[in-house]
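Next come the chains, spelled out residue by residue.
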Amino acid sequence: MSEQRCPMCSRPNPPDARECRHCGARLTPLDLGGPASGSGSQRQQTPPEQDWLARIRAESEAAGEPEPESAAEPVAGELPSWLEEIKPEGSPPEAGEEAGRVPAFKADGEPGGTKAADESGPPEWLRRIRAREEERAQDSGEDGQDWLSGLRGSPGAEPELEEGSYSPRPGRDMAAPKPAAPESPDRPPERPRERPAAVSQEAIPSWLRQAGGQDAPPGPDRSAEQLPPSGSPPATPPFGLPHVQALIGEEGAGEAPPGGKPEGEVDLPDWMDAASLEGPAEALPAAGEGEDSRLAPATLPSWLEAMRPVETFRPVVQIQTEDDQAVESAGPLAGLRGVLIAEPLVAMPRTATVGSMQLAVSERQYAQAELLHRMVEDEEREVQASRRARPQLNFIRWAVAGVLLFATALPVLSGSPRFSLPSLEPRELGSLFTLIDTLPAERPALLVFDYEPGYSGELDAVGEALIEQIMVRGIPIATMTTRPTGSPLAMRVIDRLAPLHDYVPGEEVVHMGYLSGGATAVQLFSLRPREAILQGFDLPQDMQEAGTTAWDTPVLRGVAALSDFSLVTVITAGTETARVWAEQAKNYMGQTPLVMVLSAGAEPMVRPYYEAREPRVNGILTGLPAATAYERRMGREGLAAQRWNAFGTAMLASEVILAAGVAYGLVQWWMARQER
Amino acid sequence: MTTPELIASFLGAIITLMVLSYLFADNPLFRLAIHIFIGSASGYAGAIAWHNVLRPGLVDPLFAAGLRGITQPSALVTVVLPWILVLVLLLKLSPRTARYGTLSMALLVGVGAAVAVGGAVSGTLVPQTLASMESLSPASVAPQTGETGLERMINVSLVLLGTITTLLYFRFGQRQSLTGEGETPLAVISGVTIPGPAGLIRAVGKAFIAVTFGVMYAGALSAALVVLVERLQFLRDTLSNLFGALG
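Computed from a prediction, not measured in an experiment: that's the story for all the values here. (Residues numbered from 1 in each chain as written. Chains lettered and ligands numbered in written order. Predicted model: local features only at pLDDT ≥ 70, side-chain atom pairs only at ≥ 80, totals over all residues.)

This part takes up the overall build of chain A. If you tally the helices and strands in chain A, you get 26 helices and eight strands. Residues classed as buried in chain A amount to 33% of the 676 residues present. Of the contacts made within chain A by residues no fewer than 6 positions apart, 70% connect residues no fewer than 24 positions apart. (Helix = DSSP H or I, 4+ residues; strand = E, 2+ residues; numbered from the N terminus. Buried ≥ 20, exposed ≤ 12 C-beta atoms within 10 Å, placed from the backbone. Contact = placed C-beta atoms within 7 Å.)

Now for the overall build of chain B. Of regular secondary structure, chain B possesses six helices and two strands. Secondary structure elements of chain B occur, N-terminal to C-terminal, as α-α-α-α-α-β-β-α. Taken across its 247 residues, chain B has 10% of its residues classed as buried. Within chain B, residue pairs in contact and separated by at least 24 positions form 35% of the contacts whose partners lie at least 6 positions apart.

Here we take up the environment of Asn645(A). Residues and elements named next belong to chain A. With respect to the element layout, Asn645 can be found in helix 26 (residues 644-675). Note on Asn645: 22 C-beta atoms within 10 Å, which makes it buried. A C-alpha to C-alpha distance of 8.8 Å links Asn645 and Leu421, two positions 224 residues apart in sequence. Once residues lying within four places of it in the same chain are set aside, the contact partners of Asn645 are Pro411, Pro417, Arg418 and Phe419.

Residues and elements named next belong to chain A. Judged by pairing direction, the sheet is parallel, and its six strands sit side by side in the order 5-4-3-6-7-8 without closing on themselves. Two strands in the sheet have a free side with no partner beyond their single neighbour: strand 5 (509-514) and strand 8 (619-622). The average angle at which neighbouring strand axes cross in this sheet is 15°, direction not considered. Where strand 3 (residues 445-450) meets strand 4 (residues 477-481), four bridges bridge the pair, whose relative direction is parallel. Opposite Val448, over in strand 4, you have Met480 as the bridge partner. Sitting on the sheet, helix 18 (residues 486-497) touches strand 3, strand 4 and strand 5, and the angle it makes with strand 5 is about 165°. (Pairing = 2+ DSSP bridges. Axes fitted to C-alpha atoms, helices over the stretch in contact; angles between N-to-C directions.)

Facing the 54 residues of chain A at the interface are 48 residues of chain B. Class assignment for the residues of the side of chain A that touches chain B results in 24 nonpolar, 18 polar and twelve charged. (Nonpolar A, V, L, I, M, F, W, Y, C, P; charged D, E, K, R; others polar.)

On to the confidence of the model for chain A, then. Model confidence for chain A is summarised by a mean pLDDT of 71, while 57% of its residues fall at 70 or above. Per-residue pLDDT stays below 50 along residues 142-146 of chain A; that stretch engages in seven contacts with residues further than four places along the chain or on separate chains. (pLDDT = per-residue confidence, 0-100.)

The next thing to look at is helix 15 (residues 395-414) of chain A. The terminal C-alpha atoms of helix 15 of chain A, which comprises 20 residues, lie 27 Å apart, in line with the 28 Å expected from a rise of 1.5 Å per residue. Within helix 15 of chain A, burial applies to Ala407(A), Thr408(A), Pro411(A) and Val412(A). Check the buried side of helix 15 of chain A and you find it contacts helix 26 of chain A together with helix 6 (197-246) of chain B. Where helix 15 of chain A ends, the next residue or the one after it, Gly415(A), has phi of about 80°, a positive value. (Expected span 1.5 Å × (residues − 1).)

Moving on, we get to unusual backbone geometry. Trans is the common state for peptide bonds, and a negative phi is the common state for residues other than glycine. Residues and elements named next belong to chain A. Pro417 follows Ser416 through a cis peptide bond whose omega is 0°. Structurally, Pro417 is set in the loop between helix 15 and helix 16 (427-437). In this model, Ser10 sits at a positive phi of 65°, which is unusual for a non-glycine residue. Here Ser10 is to be found in the loop between strand 1 (4-5) and strand 2 (12-13). Although it is not a glycine, Asp502 sits at a positive phi angle of roughly 55°.

This next bit is on the packing of helix 15 of chain A against helix 26 of chain A. All names here are of chain A. Remark: helix 15 packs on helix 26, axes separated minimally by 7 Å, with the N-to-C direction vectors making an angle of 155°. When the axes of helix 15 and helix 26 are compared, the pair comes out roughly antiparallel. Seen along the crossing, helix 15 lies across helix 26 with a hand that is right-handed. Residues Val400, Val403, Leu404, Ala407, Thr408, Leu410, Pro411 and Val412 of helix 15 form the contact with helix 26, whose participating residues are Asn645, Ala646, Thr649, Ala650, Leu652, Ala653, Ser654 and Ile657. Counted by class, the contact of helix 15 with helix 26 contains twelve nonpolar, four polar and no charged residues. (Parallel < 35°, antiparallel > 145°, perpendicular 65-115°, else oblique. Left-handed = near helix turned anticlockwise from the far one by under 90°.)

Residues and elements named next belong to chain B. Orientation of helix 3 (residues 73-90) relative to helix 4 (residues 102-131), taken along the N-to-C sense of each, is 110°, at an axis distance of 7 Å. Here helix 4 runs roughly perpendicular to helix 3, going by the angle between their axes. Note on element contacts: helix 4 touches helix 3 through Leu103, Ser104, Met105 and Leu107, opposite Leu85, Val88 and Leu89.

This part covers the pairing of strand 7 (residues 594-598) of chain A. Residue and element names in this part refer to chain A. For strand 7, the buried fraction is high: five of the five residues fall into the buried class. Along strand 7, one buried face is formed by Leu594, Met596 and Leu598 and the opposite face, lined by Val595 and Val597, is buried too. Of the strand pairs in this sheet, strand 6 (residues 567-572) and strand 7 are connected by five bridges, and their pairing is parallel. Paired with Ile571 across the two strands is Val597, which belongs to strand 7. A crossover connection joins strand 6 to the parallel strand 7 through helix 22 (residues 575-584); in handedness this β-α-β unit is right-handed. Bridge count between strand 7 and strand 8: four bridges; the pairing is parallel. (Right-handed = clockwise from strand over helix to strand, strands pointing away.)

This paragraph deals with helix 14 (residues 363-380) of chain A. If you check helix 14 of chain A, its first and last C-alpha atoms are 26 Å apart, about what 18 residues at 1.5 Å a residue would give, namely 26 Å. Summarising burial for helix 14 of chain A: zero of the 18 residues are buried, a small minority.

Turning to the environment of Tyr609(A), a few remarks are in order. Residues and elements named next belong to chain A. With respect to the helices and strands, Tyr609 occurs in helix 23 (residues 603-611). The exposure class assigned to Tyr609 is buried, which follows from the 27 C-beta atoms found within 10 Å. Put simply, Tyr609 and Gly619 are ten residues apart on the chain and 9.8 Å apart in space, counted from C-alpha to C-alpha. Other than its neighbours up to four places away in sequence, Tyr609 contacts Ala582, Pro615, Arg616 and Val617.

Strand 6 of chain A sits mainly inside the fold: six of its six residues count as buried. Burial along strand 6 of chain A is two-sided: the residues Leu567(A), Thr569(A) and Ile571(A) and Val568(A), Val570(A) and Thr572(A) are all buried.

This part covers the confidence of the model for chain B. Residues and elements named next belong to chain B. Averaged over every residue, the pLDDT of chain B is 87; the share at 70 or more is 95%. Taken element by element, the predicted model of chain B shows its lowest mean pLDDT in strand 2 (residues 192-194) (74) and its highest in helix 1 (residues 3-20) (92). As a predicted assembly, this complex carries a pTM of 0.58 together with an ipTM value of 0.86.

This is the structure we're talking about:
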C-alpha cells in the first residue's frame, strides 16, 4: 500500500499515518491495532469486547449447561463448503470443537482464546436483551419454538443451534462430506457430531417448518432425494427455485463435474466458488474458463455496451481474508470482523457513474457538442463595451451623394445647364386633357389629396398642372383626404393657385377635411357623402361663426352623392390608395370620371386599371415629364417646368452612376470567369 | 414674405439640413429631426381626429340631442349605440376588460374585410382577368389609348404572354429531382444551360417580373430625384428670402 486516503476528505496520506494530515480525521479505528493480519500474539492483545460471541459461548459453558446431542460435536466437513472456503488456510481444523463454541479460526487459534475473552462479559445492552428473552422463554414454556434462545446459548434453550439449527439447503449450500479433520491439540477429543436430523426438526422455527415441511423432507435424506440424478438436469431446483435454462448451457447442466463429485455434494454457484472467494482477481478468468463452455455467451446491444461503465465498475468483489478484514469499532456491531464499512461508502467521494461513461461519440456528435459548448461559453462571456468607433466614411456612398447633389444643385443655383422641355408626351395625356376640358363647369370637382408630406415635392408639381386647368375652366373645387396630414397639403396647393384664378374660399373652393375609416369610409362616402364627412376644414371665419358646414357652401350645396361631382381626382403616391378608390368608389360614380395623379413609382400598378376593357380609372397623370408636357400643352410654366432642368441633370447623373455600376459588375464577372 | 412665414421657412430649412446629415451616418441631428416629425405628425393627427371625427360625429350629437333626445328611438342608433361601441372599445386598453371590447373590434374587422373582399373581386379580379382576354384582331381599338392594328396585336400578345408566364413562374407544384433541379436542361452550350420547356416558360415569367420591378424602381428613383430638387429649391428660396430680409 503506497498511501491511504482519508475517509473524510479523500486526500492521500502516508501509509503509516494515524490521522489525516489535511483534515485531522482518524485513519485507523480506535479500539484495534489495525487489521488483524499479524501474528497470534497480536491477536491475543485484542480486547475481550472484540468477540462478544465467544464470550457468550464461554459464559454458557461456565454455567455448566449440558449441550444437546445434536450440537455435540461438529463433524468435519459438515460446514458448508463456502464457509470452509472462507476460513483462513492456516487455521487448524476445528473438528473437535464443540458446537456453540467459537470456531478456532474465530478465536484466533489460540488455546483458551475464548476463555480469555470472558474477562469483562457481554455488553450491557446484550445482557438486557438476553434477560428479557429468558423471562419470555420461561413464561411461554415452548422450548421448540424458542430457537432464538438456542442461538443465544441461554440455559432455557434445549438445543444449541449454532450449527445444529442450521439446515443447509440440499443441492445449494450443503457441504460435501469430508474426512474428519484432526483434532486440535489443545482441546480434548469430543464425540463426533451426528447429523442433526431430529434436532433440526426441533430447532427449526415453526414458520420455517410450515414453509418447508410439505415438500421437503428433513435431514440428509431430503438432500439426497432432491439431488438430481446424474445425467439429467433438474427441472426444478430444491426449494422450488426456478431453473434458468437460458443462462446455463443445457448440455452439461445436469452432468456431474469432471472431478466426479459424490452425490449430495454441494453444487455451489459459480460466484461462490473457492476461486472467487479466496483467489486473487487475476485467477478469476482461469477459474472461469472451464465454465465458459457451460454458459451461454452474453450478448449486449452495442448501445448498451457503449454505455457500460468501464472505469468505475469493479467486476469482482475481492473478499479479504479474515485476518485482513478490519474490525468494527463503533455501534452495535463493534468487535465484529468483516462488517461492511459504511463510512467509506458514504463519505468517500466516488466517481460519478454517468460522468465516467465512455460513450461512442461520432465525429458529428462531437462537433455538435463542441458547438454547443462554445455557444454556452459565449453566453457567459461578457461583451466588452467597446468604444464606439468613429463613423467610417464610405467612399462610394459619398461619391454617389456628391455627384447627385452637385448635378441637382448646379441648375438650381446657376440656372444651367438647361434641358429642352419634352416634345413627346404620353398617349394618355391627350385624352386626359380633353376630359378635363369637357367637364361640366356647374358641378364641382373633387380633389383627394392622399399622399404624405414627403411626396409633396413631386405630387404638388404634377397635380398643380391638372388643378390649374380645372381652375382655368372655372370648375368649383372641393378637397378631401383619407390621411390626417392630407388637409394641410391640400390647403397649401389651393392657397397657392387660388389667387391666380380668383378662386374664393367657401365660394369656389372648399376643404371637406379628413375622412377616417379607410376602404369602408370610402365606400360610405361614395354612397352618402354627407354622412361620411360632417364638417369641414379651414372654413372661412364667417362660416365657422355661423355654424355652417362644408355642405352648406355654394360648392357642395347640390351634392348628395359621389356621382354629383363632375370629376373625382385622386392624387396619391401609393398603389393601395389608388386601388381602394378604384375598387370602392367607381361603382357609385356613374358617369363621373375618376382620374389618378400618381407618383412615378405607382404608375405600373395603376395603369392596368386604366387600360382595361372596362376601365376603373379614366385618366392618369404620372411623373414630372407628364406634368411638364401637360403644362406645355396648357401654354404656361408651372412647378414642373421650374424643376425640369434640375430633374434632368439629376436623372443624367443617376444614369451615369447606374451605368458605371453595371460596367463594374460586368468587369468583375468577367474577371471571375477568367480566373475560373 | 411675412415674418412668421420667414421663420417657418427657416425652421424648415434647418430641419431639412438635419435630415440630410444622414449622409454622414446616423447622428443626433437626424434623430432629432425624425422625432420632431413623428411628434408633430402624431399631435396633428390627434387634433384632426378630434376636430373632424370625434367632436362632430360623437360629442356634438350627444349634446344636441340632450337627455331627452337620446331616449328617442332614432337617437338610439345614431347617438347611443355609437357611444356604447366606443366605450366598450376603450375597454381594450386593460387586459382584464379587453374581452368586452371584442364586439366593437369584431364589427370593425368584419365590416372592413367584407368591404375589402367585395371591392377586390368586383374592382380588380374580374376586370383584370377580362383585361388579359383582349382580342387579337387588328381591327380592335383600345378604349383609352386608341391603339389599333399591329400595335394593338403586339400589346395584347405581350399582355397575354406576360400573364401566363408570370403565373407559371409562381407554380410550386413541380417535383424536384434529387439534385434539386426542376427538370433536365434542354442543352448545355459552352457552359450555358438551356432550360427545358417549363424552365423556359418560368424564365420568361421571371423576366416580366424583373422588368416590372425595374420600372417601379425607376419610378421611385424619379420621384426621389424630384423631391430632392424641390428641397434644394426650397433651401435656395429660404436663403434668398432670409438674406433679403436681413439685408
